[in-house]
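# Examination of the molecular architecture
Residues per chain, in single letters:
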Amino acid sequence: MIKKTLEIRSIFLISRAMNANVPHHLPNSAILQNVLEMDIGTAYFYNNIVVVEAKEGVTISYKTGFSFLVKGLQYMGTKPWVYIANRINSYSVNPNDYKYLEKIPTLRGIAIVTPTDLGKQNAALEANFFNKDFIILENLSSAYDWATALLNK
């Protein structure tokens, strides 16, 4: 009985230590599987949900984000997924390039996380350029819940 308790405690401590390195406060079902760091930002892969955090001051466009997108798609494979833009930094987006994202058959939708009024206005403008599910939310947990529900439709 003592050995079993020690084993369970060890597993709990290892799990807790691993979660200490997780950058986001998401539900326990959100298991960080991979992190892709590139010059324009970082992508965090949670099951079928990708959280992207662009670096301060970059411009996200088809040209600057192509290699980032290709590497992400290689990792995701053929499973359906949702893209969450966690806008913790200020950066530019070319909304005309959403037409390329629309053509990805496995991409189910996009969530933009931004707590500011200006960020919401910019995201609302971007929504006009994307014809799949698109939502603007104030926090990452809500975006993750929305993405999970969308994938479970």
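Residues numbered from 1 in each chain as written. Predicted model: local features only at pLDDT ≥ 70, side-chain atom pairs only at ≥ 80, totals over all residues. Heavy atoms only, no water.

### Thoughts on the overall build of the protein
Looking only at helices and strands, the protein features 5 helices and 8 strands. When the helices and strands of the protein are read in sequence order from the N terminus, they spell out α-β-β-β-β-α-β-β-α-β-α-β-α. Counting all 153 residues of the protein, 37% fall into the buried class. Put simply, of all contacts in the protein between residues at least 6 apart along the chain, 66% involve residues at least 24 apart. Put simply, the protein shows about 9300 Å² of open surface, and 56% of that area lies on carbon and sulfur atoms. (Helix = DSSP H or I, 4+ residues; strand = E, 2+ residues; numbered from the N terminus. Buried < 20%, exposed > 50% of the residue type's maximum accessible area, 1.4 Å probe, protein only. Contact = heavy atoms within 4.5 Å. Areas by Shrake-Rupley, 256 points an atom, 1.4 Å probe, with all protein chains shown as cover.)

### With respect to the environment of Thr 42
With respect to the helices, strands and loops of the structure, Thr 42 is situated in strand 2 (residues 41-46). The sequence separation of Thr 42 and Val 52 amounts to 10 residues, and the corresponding C-alpha distance is 5.7 Å. Filtering out sequence-adjacent residues up to four positions away, Thr 42 remains in contact with Val 35, Leu 36, Glu 37, Val 51, Val 52, Glu 53 and Phe 68.

### A closer look at the pattern of salt bridges
Applying the stated criterion across every chain, the model contains 2 salt bridges. Of the charged contacts in the structure, one is a salt bridge between Glu 126 and Arg 87, with a shortest N-O distance of 2.7 Å. Of this pair, Glu 126 sits in helix 4 (residues 117-127) while Arg 87 sits in the loop between strand 5 (81-86) and strand 6 (92-93), and the two are 39 residues apart along the sequence. By the burial criterion, Glu 126 is buried, and Arg 87 matches it. A salt bridge links Lys 120 to Glu 138, with the shortest nitrogen-to-oxygen separation between them at 2.4 Å. In this pair, Lys 120 sits in helix 4 while Glu 138 sits in the loop between strand 8 (133-137) and helix 5 (140-151), placing the two residues 18 residues apart along the sequence. A relative accessible area of 23% means that Lys 120 is categorised as partly exposed. (Salt bridge = Lys/Arg side-chain N within 4 Å of Asp/Glu carboxyl O.)

### Describing a nonpolar patch on the surface
Together, Tyr 62, Phe 66, Val 70 and Tyr 100 make up a nonpolar patch on the protein surface, roughly 320 Å² of accessible area in all. With 3 residues, helix 2 (residues 62-76) is the largest single contributor of residues to the nonpolar patch. (Patch = residues over 30% accessible without salt bridge, like charges linked within 9 Å, V, L, I, M, F, W, Y side chains within 5 Å.)

### Here's the deal with helix 2
For helix 2, the principal kink sits at Phe 68 and spans about 30 degrees. Where helix 2 is concerned, the buried positions are Gly 65, Phe 68, Gly 72 and Met 76. Its buried side turned inward, helix 2 meets strand 1 (32-38), strand 2, strand 3 (49-54) and strand 5. Two residues or fewer after helix 2 comes Gly 77, characterised by a positive phi angle close to 70 degrees. (Bend = angle between axes of the 7 residues up to and from the residue.)

### Quick notes on the confidence of the model for the protein
Of all residues in the protein, 86% have pLDDT values of 70 or greater, and the mean over the chain is 87. Ignoring residues within four places in sequence, the model shows residues 1-20, a span with pLDDT below 50, making 0 contacts including any to other chains. (pLDDT = per-residue confidence, 0-100.)

### Some points on the sheet that holds strand 2
Sheets are built from strands that pair by backbone hydrogen bonding, the pairs being arranged parallel or antiparallel. Strands sit in the order 1-2-3-5-7-8 across an open sheet of 6 strands; the sheet is mixed. Bordering the open sheet on either side are strand 1 and strand 8, each of which pairs with just one other strand. Within the sheet, the average angular offset between the axes of one strand and its neighbour, ignoring direction, is 20 degrees. In this structure, strand 7 (residues 107-113) lies alongside strand 8, joined through 5 bridges in parallel fashion. Bridged to Val 113 within strand 8 is Leu 137. Against the sheet, helix 2 contacts strand 1, strand 2, strand 3 and strand 5, and its axis sits at roughly 160 degrees relative to strand 1. (Pairing = 2+ DSSP bridges. Axes fitted to C-alpha atoms, helices over the stretch in contact; angles between N-to-C directions.)

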